[in-house]
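A structural walkthrough
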Amino acid sequence: MPPYPITRAEISRSRLVGNFSRLRALAQRLSSGCDLLAVVKADAYGHGVAHCAPWLAEAGAQWLGVTSVAEGVRVRRLCPEARILVMSVLMPEDAAALLEARLTPTVWTLEHLEALARPAASESGSIPIHLELDTGMSRQGVNVDELAPILDRLRAIPALRLEGVFTHFASPEMLEVEQNARQMARFQQGVERIAAAGFHPRWVHAGNSSTLLAQRGTEALAALAKQVGATVMLRPGIALYGYALPFTPLLGMPIELEPVLAWKTAIASLRTVQAGTKIGYGGAFVASSTMRLALLPVGYADGLNRKLSNLGHVLIGGEIAPIVGRISMDLTIVDVSHVAGVATGEEVILLGEQNGQRITADDHARWAETISYEILCALGVRVPRVAAD
Ligand SMILES: *Cc1c(COP(=O)(O)O)cnc(C)c1O
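Quick caveat: nothing in here was measured; it's all calculated off a predicted structure. (Residues numbered from 1 in each chain as written. Predicted model: local features only at pLDDT ≥ 70, side-chain atom pairs only at ≥ 80, totals over all residues. Heavy atoms only, no water.)

When you go through the protein chain residue by residue, the secondary structure sums to 12 helices and 21 strands. In terms of its C-alpha atoms, the protein chain occupies a principal-axis envelope of roughly 80 × 45 × 35 Å. Residue burial in the protein chain is summarised as follows: out of 389 residues, 52% are buried. Across the protein chain, every contact between residues at least 6 apart in sequence was considered, and the portion connecting residues at least 24 apart equals 70%. Charge-centre separation for the protein chain: the mean point of 35 positive side chains lies 2 Å from the mean point of 37 negative side chains. (Helix = DSSP H or I, 4+ residues; strand = E, 2+ residues; numbered from the N terminus. Buried < 20%, exposed > 50% of the residue type's maximum accessible area, 1.4 Å probe, protein only. Contact = heavy atoms within 4.5 Å. Lys, Arg positive; Asp, Glu negative; His and termini not counted. Charge placed at Lys NZ, Arg CZ, Asp CG, Glu CD.)

The subject of this paragraph is the sheet that holds strand S18 (residues 332–335). In space, the three strands of this open sheet follow the order S12-S15-S18, with antiparallel pairing throughout. Among the strands making up the open sheet, the edge pair consists of strand S12 (269–273) and S18. Here the strands of the sheet are splayed against their neighbours by 30° on average, with no regard to which way each runs. Where S12 meets strand S15 (residues 291–296), five bridges bridge the pair, whose relative direction is antiparallel. Paired with Val273 across the strands is Met291, a residue of S15. (Pairing = 2+ DSSP bridges. Axes fitted to C-alpha atoms, helices over the stretch in contact; angles between N-to-C directions.)

What follows is about the packing of helix H6 (residues 110–121) against helix H7 (residues 147–155). It is the contact of H6 with H7, at a shortest axis distance of 10 Å, that shows an interaxial angle of 10°. Compared by their axis directions, H6 and H7 come out roughly parallel. Where H6 approaches H7, its residues Leu110, Leu113 and Glu114 are matched on the opposing element by Pro149, Ile150, Arg153 and Leu154. For the contact of H6 with H7, the residue count by class is five nonpolar, no polar and two charged. (Parallel < 35°, antiparallel > 145°, perpendicular 65-115°, else oblique. Nonpolar A, V, L, I, M, F, W, Y, C, P; charged D, E, K, R; others polar.)

Below you can see the structure in the form of structure tokens.
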């Protein structure tokens, strides 16, 4: 075993399972019988799919969502029983691996159907597929007005069975934007056309964490599902990991979410510098007085965004320790002049809680001018994800 890296991410099982359970209860409250698909794409938003996918499956997640066939194959090895939806692009050369791993593809073009037709024909029984409708995001999915040729082709491939129809909303956290209503109306039109063409999907799904937490649009989805004899499903991702985009206008959160990931390191060494000393690359910070500085073995190669240079802070001994100078690839310097009794080896919190203080991925996102999703996904590959209670 190589020495254990001191910079690590602790992934809390009880928090992940707690968030999932509260989201499931909320979904049930909004619409009884509503199913959830737990999104574990991008290595479970940087948390480590090897921990998160089995924990979610054991907590009762029937469906898991991934981006690619490669991600799906990995999740299949971890979760032999779960249904796994590949939500993004299906490359024709991946079709055989998809079927072998019993993954469920998303389709929206004739090319997708052709890529699946031949390998599906040699399978026993029919292969379930989910059809994505583009209702206004213009990213993935078939335009509702161009459904006919897809449905005609699908009817001619008995080895493929339309099990789900779904769409994705562009701005579910923006409660009052007209686009949400327009997308929902478009989705309704598409689902009705599919039903009128004689298809009976078991699931109709749309909506992410924001849709569920904002408690908007879920009744319309449930009513649509009922109309065509299907079950409604929502697809939360970021909320499982304890985060959400702020709603506009601000609404209270209907449930409590707890951040699943704590990012920790330790003080590698300490030094005292005199006033006027330049610190780090480019001398981007100059000591204004005698200062006590701690060196941390973490840098932008670990995912600590360089925009936090001279701006962000960490927690040491329950105190805020500001980042001084530029963050380097592997090292960061913080000011501990005001922290009593600091010593080499002392725990440092980059994300998480210490003595009632807390730093979240939303704080990092504000400093780095991005969103919590990117902060979490950017956590580097050399930071081990360690299972924690
Ligand atoms: C990523 C993704 C989600 C989850 O979105 P969150 O905002 O993380 O809840 C849902 N559906 C699709 C299609 C996605 O790609």
